[in-house]
Number of protein chains: 2
Amino acid sequence: MATVSADPAELFERHRDTLEQAVTAIHERHCWTPYPESPRPKVYGEEAAPAGEAAFQGYLGQDFPLDQPGGKDRVVTERSPYGITLGVGYPHVDPDTLVAAARDALPSWRDAGPRARAGVCLEALHRLNRRSFEMAHAVQHTSGQAFVMAFQAGGPEAQARGLEALAYGYDTTTRYAGSVRWEKPQRKGDPLVMEKSFHAAPRGVALLIGCNTFPTWNAYPGLFASLVTGNPVIAKPHPRAVLPMAITVSVLREVLAEAGLDPNTVLLAAERNDEGLAATLATRPEVRIVDFTGSTGFGDWLENNARQAFVSTEKAGVNAVVVDSTDAYRQMLGNLAFSLSLYSGQMCTTPQNIFLPGGGIDTDEGHKSAEQVGADLAAAVSKLLGEPKRATGVLGAIANDGVLRRIEEAGGLGEVVLESTEVAHPEFTEAAVRTPLIVKLGADRRDVYGREHFGPISFLVSTGDTDEAVRLMRETITEGGALTAAVYSTREDVLDAAERAALDAGVNISANLTGQVFVNQSAAFSDYHGSGANPAATAALTDPGYVAGRFHFVQSRRPA
Amino acid sequence: MATVSADPAELFERHRDTLEQAVTAIHERHCWTPYPESPRPKVYGEEAAPAGEAAFQGYLGQDFPLDQPGGKDRVVTERSPYGITLGVGYPHVDPDTLVAAARDALPSWRDAGPRARAGVCLEALHRLNRRSFEMAHAVQHTSGQAFVMAFQAGGPEAQARGLEALAYGYDTTTRYAGSVRWEKPQRKGDPLVMEKSFHAAPRGVALLIGCNTFPTWNAYPGLFASLVTGNPVIAKPHPRAVLPMAITVSVLREVLAEAGLDPNTVLLAAERNDEGLAATLATRPEVRIVDFTGSTGFGDWLENNARQAFVSTEKAGVNAVVVDSTDAYRQMLGNLAFSLSLYSGQMCTTPQNIFLPGGGIDTDEGHKSAEQVGADLAAAVSKLLGEPKRATGVLGAIANDGVLRRIEEAGGLGEVVLESTEVAHPEFTEAAVRTPLIVKLGADRRDVYGREHFGPISFLVSTGDTDEAVRLMRETITEGGALTAAVYSTREDVLDAAERAALDAGVNISANLTGQVFVNQSAAFSDYHGSGANPAATAALTDPGYVAGRFHFVQSRRPA
């Protein structure tokens, strides 16, 4: 263990202003983040980009430097969707050793108290922010995201989501008095007086199960929510996206050691492909919290089997758009085209089902038939992706073969409005880059559009009228879940009906997005990501329920 | 439906000060309640006692006046532990009708918003407070509590716990902005501006499953937590304790109707004995919240089977006391004697296991052998209960035959230190009144003291030393759960060790109680009842986790 060079109380004071602003922001929900989203040299410094790339290159073909308990066994499981060789080796530790180390770290982390825990987490986030370029390369070459997106979503935006969860956890554990002198007047004689203390007791060891596509953005909320409420965390990344979490764990262990705390408060659980380590760890009695992003199948399994744990899952869904009318037809098409194309539709927030009246829609360019809208949307996508360098900057690369297989299958499900085509990547010749597929379906094909087809696959669903479109949105989301919904209309009654249907279905909805805000993007501190109110997720990033299940108040009292 | 005579907004304003004080109290945790605990005429008025008794008498042998959906079928299931005939008939409604009525009430209750919901709930609590004498008789003759206790625990203290839960729910749903104008500066051009709205969406229909011994105190928190967060509630009381909840449901339906809201927002689900209605309702897909107080067996069943619901359970436990030393020997014995005797030990908070070093303890009256402490505790109980009128005022009556059977069985489990004897009730000759049984066991008899023996049954467990006593307290509670723990010691290191063991085991602990504060009593707004951190309960009354799982935030956003 390193010598203590960073007193936790000092770390808290150093970042106190950031924390207080974050706590204010979660309550007021205005636009705020301490982590700049732009990778420009003026923001992060001239040296940040080359230093980050060099750091990333330094990991390749090496054992990742992580001093954890356990033997010398290493695993190498990643392959870049862009085709470069990664070859990074991670420690392979048996579950007993991991769980025992985390369990042993709990009392000291609990007893450090909320300020020390917040101080350590805030310092780690600060260091991660300064390493956002290094993280961008790590996220790009594990998820397949294009570089700028990998920088933003994997760096500052993930950090902001982590800070948001930290703020919720800190706020919820400290907003109630830690001690009180309780005086109860008596009818005769002196009052009864008791000294009472209240401790936020962590639930236990937390298991964080990461995903392939957003290895940090979907992981940081659970990580920091568990940590700030006193729970040690075992981070189990997806075998194809280990490096971003290895860097994260390494930074946290570094700060913990400097603060004189047990570095085993945060551990990396790398595994071989198909080892099933998540299931093994999730059902250990010591593991009392599980955070998961991934398939509905394994998410449901966790909910059903990790019964000793507080389980937060984000799974599949059928995101929907209702198109009724618009006074900005070109802008609507441009906005939708970008949403369908960004990261090749490999976002849990990408629209899948576009419900459109078969009789067409009224627009500022006159009435458009449903056929015309489909053709114009296809044209908007093709225009956006017409130039390979720009196209690959939007699309990134296909993360894994499962996505390619689904694109092939989906092409046979209905009338193809827009073919998915291959794009040659100007820099990485081995990258699989594919444009979005758009398939037209009748409203009766709920067997197809009622389930998720993850990837650049969307359905234009013809409905009898807008009422049916709104109803289908509500019903498919109530049944299949969704993380996002959207509506386009010039009519207030249609917008109201859509918002009410979204409230009934428990999904967040965006209306008339025609500019630079996209339905698949949510802003930390203001937009909720998911709601927990439909089958796509049991939790929202971040709301009170996301943190309240991670600790209990335990009380002691004595006569004064 | 009655004509609207109470505007919800006006109800909110009428009780706003109470609500704001309650919200302050849950955060500051000082001594506070708006509902006076004393049944004296000076407090509730000269007429309150006779009017309450007359109201109670008016129910006997009649159909309870409750205008719910469903047929004319009635059930009569109660018998008074004091032997009087109750014979009250309650509507017997089939589950489909109940669930459909509650589900249909949801949108209007949700759309009423947090202020209207709080206003209705606060007015109902106010009316219940004014009917505390009526409630006292109802609770006495269903639970077996003595009258004054039934008044306090069934009336103002239950109302305070309900208000506390209401305050948590109101605070947690309104402490985050309901809308915001979000402005994101752009490097070039105008900022992005969005208007965002955030709605607290209820989880669904709530099922409240009451218990025999505290039909209102254990029910009001879940009832008001669910209501204020927007969920209609189906109240399913214990078949032996229906009247207190029938009165409560009736008051709520009355206020709802006066406020122009759907009375079916609150429904009574009376059942025949052994009908199993709770299990039927708890697994309905529309039922998304279950609150339960009762046996570990059914509590575990609910946790395992009501998978679609947010389930809060309070079950059995092995409450513990560690006696190490004292500087107030007589007062300690008096305090413990009262705790063992109150309501014949039929409280989920009554101490069961008293861990005591076999070598005895140091006291202000010199060293006392373990034998002597046992004999002196027995004498203290006998002295407290020496006079029948006073004894029955403390003991109340045995709630049901299961308790009597357990007393008989426990007498054969070890060396009897104090026999349980019958006491003739001066007023109700048929009442079963029994004094506490105290049995001495070796520390090796964990098979006996490691499980709950609900009723006036306690064990004096001889340990090698205080360290072993503290260890056994921690281990038995970690394994078997507990709602309370206590320690007596003059040594700061022992108090610290016991408090740390309690924190490890996740149980609330009281130290050196020698006066008029008792380990089995908790004060709303200040003391947590349970913690959720050990097997005795999944929830605490009341903490953020108790309310956060009852709603989700759902968002809509539009460009400004």
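All values reported here derive from a predicted model rather than from experimental measurement. (Residues numbered from 1 in each chain as written. Chains lettered and ligands numbered in written order. Predicted model: local features only at pLDDT ≥ 70, side-chain atom pairs only at ≥ 80, totals over all residues.)

On to the overall build of chain A, then. Looking only at helices and strands, chain A features 19 helices and 19 strands. In terms of C-alpha radius of gyration, chain A reaches 25 Å, essentially the compact-globule figure of 24 Å for 560 residues. For chain A, the spread of C-alpha atoms along the principal axes amounts to about 80 × 70 × 45 Å. Each of the 560 residues in chain A was classed as buried or not, and the buried ones make up 61%. Put simply, 76% of the contacts in chain A that link residues at least 6 apart link residues at least 24 apart. (Helix = DSSP H or I, 4+ residues; strand = E, 2+ residues; numbered from the N terminus. Rg over C-alpha atoms; globule rule 2.2 N^0.38 Å. Buried ≥ 20, exposed ≤ 12 C-beta atoms within 10 Å, placed from the backbone. Contact = placed C-beta atoms within 7 Å.)

All names here are of chain A. For chain A, the assigned domains are domain 1 (8-30 + 40-170 + 201-315) and domain 2 (320-511). The distance between the C-alpha centroids of domain 1 and domain 2 comes to 32 Å. Taken together, the contacts link 15 residues of domain 1 with 16 residues of domain 2. Taken together, the residues that form the side of domain 1 that touches domain 2 break down as six nonpolar, six polar and three charged. (Domains from an automatic or database assignment. Nonpolar A, V, L, I, M, F, W, Y, C, P; charged D, E, K, R; others polar.)

The pLDDT averaged across chain A works out to 97; a share of 99% of its residues lies at or above 70. Among the scores for the predicted complex, ipTM is 0.96 and pTM is 0.97. (pLDDT = per-residue confidence, 0-100.)

Among the structural elements, Ala55 of chain B can be located in helix α3 (residues 48-59). Taking the C-alpha atoms as reference, Ala55 of chain B lies 46 Å from Gly374 of chain B; in sequence the two are 319 residues apart.

Our focus in this paragraph is the sheet that holds strand β8 (residues 287-293) of chain A. Residues and elements named next belong to chain A. The five strands are arranged β7-β6-β5-β8-β9 in an open sheet whose pairing can be described as parallel. Edge positions in the sheet fall to β7 (266-268) and β9 (310-314), since each has one partner strand and no second. Taking each pair of neighbouring strands and ignoring which way they run, the sheet shows an average axis angle of 15°. Strand direction decides the pairing type here: β8 and β9, joined by five bridges, are parallel. When the bridges of β9 are listed, Thr293 appears paired with Glu314. Contacts from helix α4 (residues 95-130) reach β5 (205-209), β6 (233-236), β7 and β8, with the element oriented near 130° to β5. (Pairing = 2+ DSSP bridges. Axes fitted to C-alpha atoms, helices over the stretch in contact; angles between N-to-C directions.)

For the rest of this paragraph, the subject is the sheet that holds strand β10 (residues 320-323) of chain B. Reading across from one edge, β3(A)-β4(A)-β19(A)-β18(B)-β17(B)-β10(B)-β11(B)-β16(B)-β15(B)-β14(B) is the order of the 10 strands in this open sheet, with mixed pairing throughout. Of all the strands in the sheet, the pair left with one neighbour each is β3 (179-184) of chain A together with β14 (415-418) of chain B. When strand polarity is set aside, the average angle formed by the axes of neighbouring strands in this sheet is 25°. Judged from the three bridges that link them, β14 of chain B and strand β15 (residues 437-442) of chain B form a sheet pairing that is antiparallel. In the sheet register, Val416 of chain B faces β15 of chain B, and the bridge partner there is Val439 of chain B.

On to the relation of the copies chain B and chain A. Of the transformation placing chain B onto chain A, the axial shift is 0.0 Å and the rotation is 180°, giving an RMSD of 0.0 Å. Here the transformation between the copies is reduced to the relation of a two-fold axis. Residue by residue, 100% of the interface of chain B is reproduced at the interface of chain A, so both copies engage with the same surface. (Least-squares fit on C-alpha atoms with pLDDT ≥ 70 in both.)

The next thing to look at is the interface of chain B and chain A. Counting residues at the interface gives 51 residues for chain B and 52 residues for chain A. At the level of secondary structure, the elements contributing two or more residues to the side of chain B that touches chain A comprise α1 (8-28), β3 (179-184), β4 (192-202), α18 (492-505), β18 (509-511), α19 (544-548) and β19 (551-559) of chain B. With eight residues, β19 of chain B is the single largest residue contributor to the side of chain B that touches chain A. Sheet topology note: the strand β19 (residues 551-559) of chain A/β18 of chain B ladder contains two bridges and is parallel. Considered in β18 of chain B, the bridge of Arg557 of chain A is made with Ser510 of chain B.

Next up on the list: the nonpolar core. Judged by nonpolar contacts, the single largest core of 380 residues is most densely connected at Ile234, Ala235 and Val290 of chain A together with Ile234, Ala235 and Val290 of chain B. When sequence neighbours within four positions are dropped, the list of residues in contact with Ala235 of chain B reads Leu208, Gly210, Ala219, Leu223, Met245, Val249, Val266, Leu267, Leu268 and Ala269 of chain B. (Core = buried A, V, L, I, M, F, W, Y, C linked by C-beta atoms within 7 Å.)

It is worth spelling out unusual backbone geometry at this point. The omega torsion across Leu541 of chain A and Thr542 of chain A is -25°, close enough to zero to call that bond cis. Within the element layout of this structure, Thr542 of chain A appears in the loop between β18 (509-511) and α19 (544-548). We note that Arg29 of chain B has phi near 65°; this positive angle belongs to a residue other than glycine. Mapped onto the fold, Arg29 of chain B is located in the loop between α1 and α2 (41-44). The residue Ser344 of chain B is not glycine, and still its phi comes out positive at about 50°.

Residue and element names in this part refer to chain B. With six bridges joining them, β3 and β4 adopt antiparallel strand pairing. Looking at the pairing, Arg181 lines up with Glu195 of β4. Pairing geometry for β4 and β19, over nine bridges, is antiparallel. When the bridges of β19 are listed, Lys196 appears paired with Arg557.

Further remarks concern the packing of helix α5 (residues 132-143) of chain B against helix α6 (residues 147-154) of chain B. All names here are of chain B. Viewed as axis vectors pointing N to C, α5 and α6 meet at an angle of 115°, and their least axial separation amounts to 8 Å. Regarding α5 and α6, the two cross each other, and that crossing is right-handed. Between α5, through Ser132, Phe133, Met135, Ala136, Val139, Gln140 and Ser143, and α6, the contact on the second element is made entirely by Phe147, Ala150, Phe151 and Gly154. In terms of residue class, the contact of α5 with α6 is built from seven nonpolar, four polar and no charged. (Left-handed = near helix turned anticlockwise from the far one by under 90°.)

Okay, the environment of Val242 of chain A next. Tracing the backbone shows Val242 of chain A in the loop between β6 and α9 (243-258). Considered as a pair, Val242 of chain A and Arg451 of chain A are 209 residues apart in the sequence and their alpha carbons are 29 Å apart.

Another aspect to go through is helix α13 (residues 370-384) of chain B. Residues and elements named next belong to chain B. End to end, α13 covers 21 Å across 15 residues, agreeing with the expected 21 Å (1.5 Å per residue, within 8%). Every buried residue of α13 is listed here: Val373, Gly374, Leu377, Ala380, Val381 and Leu384. For α13, the buried positions fall inside an angular range of 125° around the axis, keeping them on one side. (Expected span 1.5 Å × (residues − 1). Arc of directions from axis to C-beta.)

Now for helix α12 (residues 329-341) of chain A. Structurally, the α-helix is built with 3.6 residues per turn, so residues lying three or four positions apart point the same way. Residues and elements named next belong to chain A. In a regular helix each residue adds 1.5 Å, so 13 residues correspond to 18 Å; α12 covers 18 Å between its end C-alpha atoms and thus fits that length. The complete set of buried residues in α12 reads Tyr329, Met332, Leu333, Asn335, Leu336, Ala337, Ser339, Leu340 and Ser341. Next to the buried residues of α12 lie β12 (361-363), α13 (370-384), α14 (388-395), β16 (457-463) and β17 (485-488). Following α12 by one or two positions, Tyr343 adopts a phi angle in the positive range, close to 50°.

Our next topic: the packing of helix α4 (residues 95-130) of chain B against helix α9 (residues 243-258) of chain B. Residues and elements named next belong to chain B. Axis separation between α4 and α9 bottoms out at 9 Å; the angle between their running directions is 130°. Accordingly, the angle class assigned to the pair α4 and α9 is oblique. As α4 runs across α9, the sense of the crossing is right-handed. On the side of α4, the interface is formed by Val120, Glu123, Ala124, Arg127 and Leu128, while α9 contributes Thr248, Val251, Leu252, Val255 and Leu256. When grouped by side-chain class, the residues that make up the contact of α4 with α9 number seven nonpolar, one polar and two charged. (Parallel < 35°, antiparallel > 145°, perpendicular 65-115°, else oblique.)

All names here are of chain A. Take Thr478: it is sitting in helix α17 (residues 466-480). Judged by C-beta crowding, with 17 C-beta atoms within 10 Å, Thr478 ranks as partly exposed. Residues Thr478 and Gly317 lie 161 residues apart in sequence; the distance between their C-alpha atoms is 9.9 Å. Here Thr478 is in contact with Ala505 and Asn534, once residues within four sequence places are set aside.

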